Amino acid sequence: MTEEQAAALTREICQLYFVERDYSKLMNYISKDIIWIGARGKENFNTFEDLQVYLQNEKEFYEGSFQLANEEYHVLEITKDVICVLSCMDVCTPPEVEPVFTEHIYFTTIYHREDKEWRVLHIHNSFADGVGRKTAAAEDSRYCRDFLMIKEEAFRLAAREVEEVRKLDALTGIYNVEGFVECMESILQDDSFGHYAILKFGINQFRYLNHVLGYRTGDTILREIASNLKLLCGEREVCARIEKDNYAILLRYENREELDQRIEGFWEHFISRETEAALDIKVHFTGGVCLIEPGSRDSAKQMLDKAMLAQNYRKSRKWENHYVYYEPEMERNQLREQELVETARYAMRRNEFSMYFQPQIFLDTGEVAGTEVLVRWVKPDGRIVMPDEFIPVFEHTGFIKTLDFYMLEKLCSHMRKWLDEGLDVCPVSINQSRLHLEDQHYVEQFCSVVDRYRIPHDLIAFELTESAFTEYDQMIQRLATELHFYGFRLDIDDFGTGYTALNLLMQIEPDVLKMDRSLTANYQNPRGNLVLKKMIEIAKETETTIICEGVEYQEQEAYFKHLQCDIAQGYYYYRPMPEEEFVTRILKRKS
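Small disclaimer: the values here were computed from a predicted structure and weren't measured. (Residues numbered from 1 in each chain as written. Predicted model: local features only at pLDDT ≥ 70, side-chain atom pairs only at ≥ 80, totals over all residues. Heavy atoms only, no water.)

Chemist: What should I look at first to understand the pattern of salt bridges in this one?
Modeler: Should the charged atoms of two oppositely charged side chains come close, the side chains can pair. This structure, assessed with the given rule, holds 24 salt bridges. A salt bridge links E237 to R262, with the nearest nitrogen and oxygen atoms 2.6 Å apart. Placement of E237 in the loop between α7 (215-232) and β8 (238-243) and of R262 in helix α8 (residues 256-266) is noted, with a sequence separation of 25 residues between them. (Salt bridge = Lys/Arg side-chain N within 4 Å of Asp/Glu carboxyl O. Helix = DSSP H or I, 4+ residues; strand = E, 2+ residues; numbered from the N terminus.)

Chemist: Explain the pairing of strand β12 (residues 353-362) to me, please; I cannot follow it from the model alone.
Modeler: A regular strand places its side chains so that they alternate between the two faces of the sheet. For β12, the tally of buried residues reaches eight of 10 residues, placing the bulk of the element in the interior. Examined bridge by bridge, β12 and strand β13 (residues 368-378) share nine bridges and lie antiparallel to one another. When the bridges of β13 are listed, M355 appears paired with V375. Hairpin connection of β12 to β13: five residues between the antiparallel strands, including G366 at a positive phi of 80 degrees. Pairing geometry for β12 and strand β21 (residues 577-578), over two bridges, is antiparallel. Residue pairing across strands places Y356 opposite P578, the latter belonging to β21. Looking at chain direction, β12 and strand β20 (residues 567-568) are connected through two bridges and run antiparallel. Note on β20: the bridge partner recorded for I361 is A568. (Buried < 20%, exposed > 50% of the residue type's maximum accessible area, 1.4 Å probe, protein only. Pairing = 2+ DSSP bridges.)

Chemist: Is there a simple way to explain the nonpolar core in this structure?
Modeler: In this structure, F353 and F394 are the most contacted members of the largest nonpolar core, which totals 80 residues. If one sorts the elements of this core by residue count, helix α13 (residues 400-420) sits on top with nine residues. Once you skip the residues sitting within four places of it in the chain, F353 turns out to touch A344, A347, M348, V375, R376, W377, F390, F394, L403, Y406, M407 and K410. (Core = buried A, V, L, I, M, F, W, Y, C linked by side-chain atoms within 4.5 Å. Contact = heavy atoms within 4.5 Å.)

Chemist: Could you clarify how one ought to interpret α8 in this entry?
Modeler: Count 3.6 residues to each turn of an α-helix, and residues three or four apart come out pointing the same way. When we look at burial in α8, the residues that qualify are L259, I263 and F266. Down the axis of α8, the buried side of the element spans an arc of 45 degrees, and every buried residue falls inside it. For α8, the exposed residues set more than 90 degrees away from the buried face come down to E257 and Q261. On the buried face of α8, the contacting elements are β7 (196-203), α7, β9 (246-252), β10 (285-292) and β11 (323-325). Between a side-chain oxygen at the N-terminus of α8 and the backbone nitrogen of E257 the separation is 3.3 Å; the capping residue is N255. (Arc of directions from axis to C-beta. Polar contact = N/O pair within 3.5 Å; in protein donor to acceptor, adjacent residues only side chain to side chain.)

Chemist: Help me understand the packing of α13 against helix α14 (residues 442-452) in this model?
Modeler: Between two packed helices, what matters for the description is the angle formed by their axes and the separation of those axes. One way to put it is that α13 packs onto α14 with a least axis distance of 9 Å and a crossing angle of 25 degrees. Here α14 runs roughly parallel to α13, going by the angle between their axes. Judged by the twist between their axes, the crossing of α13 over α14 is right-handed. On α14, the residues that touch F405, L408, E409 and C412 of α13 are Y442, Q445, F446, V449, V450 and R452. Of the residues that constitute the contact of α13 with α14, the class distribution is seven nonpolar, one polar and two charged. (Axes fitted to C-alpha atoms, helices over the stretch in contact; angles between N-to-C directions. Parallel < 35°, antiparallel > 145°, perpendicular 65-115°, else oblique. Left-handed = near helix turned anticlockwise from the far one by under 90°. Nonpolar A, V, L, I, M, F, W, Y, C, P; charged D, E, K, R; others polar.)

Chemist: Any chance you could explain the environment of L408 here in plain terms?
Modeler: Counting through the fold element by element, L408 comes out in helix α13. When the C-alpha atoms of L408 and V373 are compared, they prove to be 9.7 Å apart, with 35 residues separating the residues in sequence. With residues up to four places along the chain from it excluded, the contact list for L408 reads I430, F446, V449 and V450.

Chemist: Sorry if this is basic, but what is going on with the packing of aromatic side chains here?
Modeler: In this description, a pair of aromatic rings is defined by centroid distance and the angle of the planes. Within this structure, the stated rule accounts for 32 aromatic pairs. Ring geometry for W267 against Y323: centres 6.2 Å apart, planes inclined by 35 degrees, an arrangement best described as tilted. Of this pair, W267 sits in the loop between α8 and α9 (273-279) while Y323 sits in strand β11, and the two are 56 residues apart along the sequence. An angle of 65 degrees between the planes, with centres 5.7 Å apart, marks the rings of F446 and F462 as edge-to-face. (Phe/Tyr/Trp six-rings, centres within 6.5 Å; stacked < 30°, edge-to-face > 60°.)

Chemist: Sorry if this is basic, but what is going on with the sheet that holds β9 here?
Modeler: Pairing is mixed in the open sheet, where five strands are placed in the order β8-β9-β7-β10-β11. Looking at the sheet topology across the chains shown, the edges are occupied by β8 and β11. Strand after strand, the sheet turns through a mean of 20 degrees between neighbouring axes, direction not considered. Looking at chain direction, β7 and β9 are connected through seven bridges and run antiparallel. Within β9, the residue paired with I198 across the bridge is L250. Contacting β7, β9, β10 and β11, α8 runs over the sheet at an angle of about 145 degrees to β9.

Below, the structure is given as structure tokens:
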């Protein structure tokens, strides 16, 4: 807003308040967080509703209007989102009204930008020193004195308002991280012997919810959480929106059992059942807790960081609870993980991550049906680091997404070479992390890499573990639709290991189900045999291809043939082999 626009807006507000006395229209310019200080401090209001009632009563007391003269407006831009307008004017009753009333008024207005609209956040109007005067004329010296006085007062008020605004989250109205830290430090200083804990939590897959429901609905969810979180705060407690979809609350407690019971009760109160029903979603949360020892020398930000570390630790691992407590070992683990990731970045530049291939066999013909590409970290001394030693860390840190695209690029490069050499290339399935599902542009990026090397889409299979469906069920539905649109195959790995197997088949259409080795290994167990048989029957009825993993013996092969499995994979046929061996033993032999 320019200075001219701010002055014009203030002039209009003064017209509505003094001359037209159109309070309904006036309230359209007023912020819900208004602070109104009336003449001589007698009429002070800090809620929108109280101000509405006061203005209505004032109009009933005097139905007439006022006239303005000698108006002056001076604009001060405090910040890009806060503007102060200093006004002084003579306010008088019309000549026909008795008794004649004339006052010289200071009128300070502070505007704050809210959702791209400028609203009045603060108004302070007061009389000049002395009694009312019969004339509206004034000496230049008086105006100079008035302006200096009102300017000083306005800066004081504006500074206070800016300081308060700085501590608040613009979207939700509760504290931001700065306000939370300041308030938390004050509470802990006043109650140094109390037992406190910080709970930091966030919404699972919030970016996806924003994408599906829209940012406006996402903002509504954030505001509802903030509102309910504020209601959950007791005496000497405070809450805040830390960033994006992450919140924190400082809790006072007597013992761990009471604290656990209270936190467990929180999760059902952040979002109302009515909201979830209206949006047809279930919102899940992940949190971390940092216990604050009485007299702790850690700063508030250090404590908050520890709660965040516990929250991130919970995100990357399977726990029954929604939250975990901070432990010092987490910091040591974090340091080791960061060192491993840095080593991996260096190893990637040295081409230490290699592709190994394990062929898959048609059970009816014994021919190669396809292959799965696996990653191995081959050290300069020839030692091979198995995925179990680094993949969990990469998942936790998010580096797995970088590795996935690195391996995809490498695979496509070699497939292009095989095709150019005229080899009979079979379909290749490549593992991809569930973390990609949060990126709405992921499939486009995946497709872009494949297309850059001109690889036919039917030769690439996207492989995802069944466990991802537990946390990312709605995202997997979108993923399946997009992959099939682009002509890629979707394989579900480790199928049958979780509680989502049947639900998964009801909601999406995978092309291949890879039966987990825990099922194929227990085929002789009567109960395991029954589960495996029913799983295969359901897959057959849904026209889904079955791959049995972990086949190591001839007896297993015979049994899976009897159950009419389509494809088998395991040491009985081939162990994972490096690329050169795969090309020689499989691709060249096929060709």
